[in-house]
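The primary structure of each chain is shown beneath.
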Amino acid sequence: MSAIPLTVRGAERLQEELQRLKTVERPAVINAIAEARTQGDMSENAEYDAARERQGFIEGRIAELEGTLSNAHLIDPSSLEAEGRAVFGATVDIEDLDSGDRVTYQIVGDVEADIKANLISVSSPVARALIGKSEGDVVEVKAPAGVREYEVLGVRYI
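Here the structure is a predicted model, which is why all the values come from computation and not from measurement.

Parameters at a glance
Residues numbered from 1 in each chain as written. Predicted model: local features only at pLDDT ≥ 70, side-chain atom pairs only at ≥ 80, totals over all residues. Heavy atoms only, no water. Helix = DSSP H or I, 4+ residues; strand = E, 2+ residues; numbered from the N terminus. Buried < 20%, exposed > 50% of the residue type's maximum accessible area, 1.4 Å probe, protein only. Contact = heavy atoms within 4.5 Å. Expected span 1.5 Å × (residues − 1). Bend = angle between axes of the 7 residues up to and from the residue. Core = buried A, V, L, I, M, F, W, Y, C linked by side-chain atoms within 4.5 Å. Axes fitted to C-alpha atoms, helices over the stretch in contact; angles between N-to-C directions. Parallel < 35°, antiparallel > 145°, perpendicular 65-115°, else oblique. Left-handed = near helix turned anticlockwise from the far one by under 90°. Nonpolar A, V, L, I, M, F, W, Y, C, P; charged D, E, K, R; others polar. Polar contact = N/O pair within 3.5 Å; in protein donor to acceptor, adjacent residues only side chain to side chain.

### Here we look at the side chain of Thr68
By the element assignment, Thr68 lies in helix 2 (residues 46-70). For Thr68, a relative accessible area of 8% corresponds to the buried category. In this view, Thr68 contacts Ile4, Leu6, Leu14 and Val111; residues no more than four positions away in its chain are not counted.

Here you go:
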């Protein structure tokens, strides 16, 4: 498996999720399975089936997180010296030239992307357009709704 780029903060969030799954979720689902077993016939026990399904999800997520973290290539944005250019880990302030809307995104790895938290994947169209750009540059992003133009208002490494 190749190296997976992660910000330090992203790796910490994944580590916290892994810890919660192992110490809280896994024991809770084991107890739910044990409780469901006491209710008799397993073939018609919906609680048992639900608990086993939940256990499968938890174990799969634990394996996924462990694999990701073991192959992680950590990047600390605060230690970057990219001379004001947008790079992996950078926080970029942009303005939509059509609407005037301003937004701030951090460019992160695929596994830590969360658009609701303004964390965009390095492989997303917006991030690909921003990579290498500096304050004052105008970028075109080909989106499903058409081409959008953004001006880079600032680039920070936090």
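### Quick look at unusual backbone geometry
Its identity is not glycine, yet Glu83 carries a phi of approximately 55°, on the positive side. In this fold, Glu83 is placed in the loop between strand 2 (72-75) and strand 3 (91-96). On the basis of relative accessible area, Glu83 is assigned to the exposed category, the value being 71%.

### A look at helix 1 (residues 8-37)
With 30 residues, helix 1 should reach 44 Å at 1.5 Å per residue; the first-to-last C-alpha distance of 42 Å fits that figure. At Leu21, helix 1 shows its maximal kink, close to 40°. Burial in helix 1 covers these residues: Gly10, Ala11, Leu14, Leu18, Leu21, Val29, Ile33 and Ala36.

### What to know about the nonpolar core
Proteins that are soluble and globular tend to have nonpolar side chains buried together. By size, the foremost hydrophobic cluster in this structure holds 18 residues, and its most contacted members are Val92, Ile94, Ile107, Val126, Leu130 and Val155. Mapped by element, the contributors of at least two residues to this core are strand 3, strand 4 (102-108), helix 3 (125-130), strand 6 (138-143) and strand 7 (146-156). It is helix 3 that provides the largest number of residues to this core, a total of four residues. By size, the runner-up hydrophobic cluster in this structure holds 14 residues, among which are Ala11, Val29, Ile33 and Ile62.

### As for the packing of helix 1 against helix 2
Relative to each other, helix 1 and helix 2 sit at 155°, their axes nearing to 9 Å. Here helix 1 is positioned roughly antiparallel relative to helix 2, judged by the angle of their axes. Considering the relative orientation of helix 1 and helix 2, their crossing is left-handed. Among the residues forming the contact of helix 1 with helix 2, the class breakdown is 15 nonpolar, three polar and 11 charged.

### With respect to helix 2
One turn of an α-helix holds 3.6 residues; hence residues three or four places apart share an orientation. Between its first and last C-alpha atoms helix 2 spans 36 Å; for 25 residues at 1.5 Å apiece the expected length is 36 Å, and the two agree. Of the positions making up helix 2, those classed as buried are Tyr48, Ala51, Gln55, Ile58, Ile62, Leu65, Gly67, Thr68 and Leu69. The inward-facing, buried residues of helix 2 abut strand 1 (4-7), helix 1 and strand 2. Its side-chain oxygen 3.1 Å from the backbone nitrogen of Glu47, Asn45 forms the N-cap of helix 2.

### Some thoughts on the side chain of Asp96
Position of Asp96 among the secondary structure elements: in strand 3. Within the structure, Asp96 has its side chain in polar contact with the side chain of Arg148 (distance 2.2 Å). Beyond its immediate stretch of four places on either side in the chain, Asp96 contacts Asp101, Arg148, Glu149 and Tyr150.

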